[in-house]
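Notes for the structure review
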Amino acid sequence: MSHATGLQYLKKGVLPHMWCSGCGVGVMLGALVRSFEELGYERKDTVVVTGIGCTGKTDDYLVTNALHTTHGRALAYATGIKAFNPKLHVVVLMGDGDSVTIGGNHFLHAARRNMDLTAIIINNFNFGMTGGQFSGTTPADAITQTSIYGNAERQLDISALAELAGANYVARGTPYHVWELKTNIKEALSKKGFSVVEIYSPCPTHFGKNNKMKEATAMLQWLKESGLPVEKYNSLEKSARKGFFAVGKLVDREEPDFNTRYEEIRRRAMNLKV
Ligand SMILES: Cc1ncc(C[n+]2csc(CCOP(=O)(O)OP(=O)(O)O)c2C)c(N)n1
Ligand code: SF4
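A brief structural summary. (Residues numbered from 1 in each chain as written. Chains lettered and ligands numbered in written order. Predicted model: local features only at pLDDT ≥ 70, side-chain atom pairs only at ≥ 80, totals over all residues. Heavy atoms only, no water.)

Focus: the site of ligand 1
Inclusion rule: When we say a residue is near a molecule or strand, we mean one of its heavy atoms is within 4 Å of it. Pairs of N or O atoms within 3.5 Å make up the polar contacts considered here, provided that, within protein, one atom can donate a hydrogen while the other can accept it, and that residues adjacent in sequence are counted only when both atoms are side-chain atoms. For accessible areas, the Shrake-Rupley method is used with a probe of radius 1.4 Å. Any residue's cover is judged against the shown protein chains and nothing else. Helical segments are the DSSP runs of H or I of at least four residues, strand segments are the runs of E of at least two, and each set is numbered from the N terminus. Each residue receives one of three labels: charged for Asp, Glu, Lys and Arg, nonpolar for Ala, Val, Leu, Ile, Met, Phe, Trp, Tyr, Cys and Pro, and polar for the others, Gly being one of them.
Around ligand 1, the surrounding shell holds 16 residues, and the nearest of these are Cys-54, Thr-55, Gly-97, Asp-98 and Gly-128. One nitrogen or oxygen atom from the main chain of Asp-96 is found 3.4 Å from an oxygen atom belonging to ligand 1. Gly-128 places a polar main-chain atom, nitrogen or oxygen, 2.8 Å from an oxygen atom of ligand 1. In the complex, the protein chains occlude 72% of the 590 Å² of accessible area that ligand 1 would expose alone. Examining the composition of the shell around ligand 1, we find that three residues originate from one element, helix 3 (residues 96-101), more than from any other. Per-class residue counts for the shell around ligand 1 are five nonpolar, nine polar and two charged.

And the structure:
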């Protein structure tokens, strides 16, 4: 039995990649291109939109259509692309800084509109590329380059935010659970409406080093021990969930996406049959 490699979506001669050893971004890219292959995506129909940062460098490796945008604004560009040509598969790759810190406003409204986009978010709990400053998803009390005695702010839960704001599909994965991650990415790509795959991802160079997980293996060990399958996580009493997080599909609903709603309203305005 042969397995998808996804190589047809990668530029030739660009490997080895730029990410640090043990970083989760390359694992995400591998799962994404394998998902493209298994879903039979054509390069010409696929657009990958990136923000800025280590995660944002992913488009350098791809031969799909790609658009490298500005920090925090990737979803705004992707919205425009999808509104202009709804037939395209539009995938947005962002860090936690891009998606919910500087880009929080765009994230809320892309989810609320239920734009037919797939947002894949590398949540490494800090601004990786600029040296490990705290972001909106840094845990309270964690040490970063800008919170050397502990983070005074509370941590934003990206998946919970996506659910609350109206995303049709939400899943959480990690590079340790890579097989399940690919399954969730494929489900997200296949789903109509706004889909989010949040990936708890190691940044051993900054977040790990500052928080007693300097070795890449220590971060993977943490993901392995703390990430529970969603059914198991939900079966725990709320008080027993501390220190654990759910991995897998969290939300799957069927609200009409923005383009469908827009078309209904356009037809109504023109007195056409909806
Ligand atoms: C408007 C703007 N503000 C700040 C920056 C500087 N900057 C570049 S990358 C980055 C952090 C990226 O962090 P994140 O989105 O979490 O991605 P990661 O590098 O961790 O993958 C920042 C603050 C910028 N390029 N543009
Ligand atoms: S700095 Fe962190 S996020 Fe950036 S490549 Fe290195 S490990 Fe990955």
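Side note on the sheet that holds strand 8 (residues 195-200)
Quick note on the threshold: Any two strands between which DSSP finds at least two bridges are classified as paired. Lines fitted to the C-alpha atoms define the axes, with helices restricted to the stretch that makes contact. Angles between their N-to-C directions range from 0 to 180 degrees. Residues are treated as being in contact if the distance between any of their heavy atoms lies within 4.5 Å.
Strand order in the open sheet made by the eight strands is 2-1-3-4-8-7-10-9, with mixed pairing throughout. Both edges of this open sheet fall to strand 2 (65-68) and strand 9 (227-229), since each of them pairs with a single strand only. Each neighbouring strand pair of the sheet contributes to a mean axis angle of 20 degrees, computed without reference to strand direction. Direction of pairing for strand 7 (residues 169-173) relative to strand 8: parallel, over a ladder of five bridges. Note on strand 8: the bridge partner recorded for Gly-173 is Ile-199. Against the sheet, helix 2 (residues 74-84) engages strand 1 (46-50), strand 2 and strand 3 (89-95), with an angle of about 180 degrees to strand 3.

Let's talk about the packing of aromatic side chains
Centre distance and the angle of the planes are the two values used to describe a pair of aromatic rings. What counts, and what does not: Pairing of aromatic rings covers Phe, Tyr and the six-membered ring of Trp, with a centre-to-centre limit of 6.5 Å; geometry is then stacked below 30 degrees between planes, edge-to-face above 60, and tilted otherwise. Accessible area is worked out with a 1.4 Å probe on protein chains only. A residue is then buried under 20% of its type maximum, exposed over 50%, and partly exposed in between. By definition here, charges over rings are those cases where NZ of Lys or CZ of Arg is within 6 Å of the ring centre and within 35 degrees of the ring normal.
Going through the model one piece at a time under the given rule, you end up with ten aromatic pairs. Between the aromatic rings of Tyr-9 and Phe-36, the centroid separation amounts to 5.4 Å while the plane-to-plane angle is 65 degrees, which identifies the pairing as edge-to-face. With Tyr-9 in the segment before helix 1 (25-39) and Phe-36 in helix 1, this residue pair connects regions lying 27 residues apart in the sequence. Across the pair, Phe-36 and Tyr-9 agree in class, each one buried. Over the aromatic face of Trp-179 sits the side chain of Lys-182, whose NZ or CZ is 4.3 Å from the ring centroid.

Considerations on the environment of Leu-32
With respect to the secondary-structure elements, Leu-32 resides in helix 1. Accessibility expressed as a relative area gives 0% for Leu-32, which makes it buried. Spatially, the C-alpha atom of Leu-32 lies 21 Å from that of Phe-125, the residues being 93 residues apart in sequence. If near-sequence neighbours (up to four positions away) are discounted, Leu-32 is found in contact with Val-91, Leu-93, Ile-120 and Ile-185.

Topic: the site of ligand 2
Every residue near ligand 2 is listed here: Trp-19, Cys-20, Cys-23, Cys-54, Asn-124, Gly-128, Cys-203, Pro-204, Thr-205 and His-206. Considered class by class, the residues forming the shell around ligand 2 number six nonpolar, four polar and no charged.

Considerations on the side chain of Ser-201
Among the structural elements, Ser-201 can be located in the loop between strand 8 and helix 7 (204-210). Ser-201 sits in the buried class, given a relative accessible area of 2%. Setting aside residues no more than four positions away along its own chain, Ser-201 makes contact with Gly-24, Val-25, Ile-122, Asn-123, Asn-124 and Pro-175.

Considering helix 1
Rule in force here: Residue count minus one, scaled by 1.5 Å, sets the expected span of a helix.
End to end, helix 1 covers 21 Å across 15 residues, agreeing with the expected 21 Å (1.5 Å per residue, within 8%). Residues Val-25, Met-28, Leu-29, Gly-30, Ala-31, Leu-32, Val-33, Ser-35 and Phe-36 constitute the buried set of helix 1. Against the buried residues of helix 1 lie strand 1, strand 3, strand 4 (118-123), helix 6 (178-190) and strand 8. Gly-40 sits one or two residues past helix 1 and shows a positive phi near 70 degrees.

Some remarks on the packing of helix 1 against helix 6
Just so we agree on the cut-off: Note on angle classes: values under 35 degrees are labelled roughly parallel, values over 145 roughly antiparallel, values of 65 to 115 roughly perpendicular, and the remainder oblique. Crossing handedness is defined as follows: a turn of the near helix away from the far one that is anticlockwise and smaller than a right angle gives a left-handed crossing, while the clockwise case is right-handed.
Closest axis-to-axis distance for the helix 1/helix 6 pair is 9 Å, and the angle between their directions is 55 degrees. Relative to helix 6, the element helix 1 is oriented oblique. As for the relative orientation of helix 1 and helix 6, their crossing is right-handed in sense. Touching Val-27, Ala-31, Leu-32, Arg-34, Ser-35, Phe-36, Glu-38 and Leu-39 of helix 1 are Val-178, Leu-181, Lys-182, Ile-185, Lys-186, Leu-189 and Ser-190, all from helix 6. Classifying every residue of the contact of helix 1 with helix 6 gives nine nonpolar, two polar and four charged.

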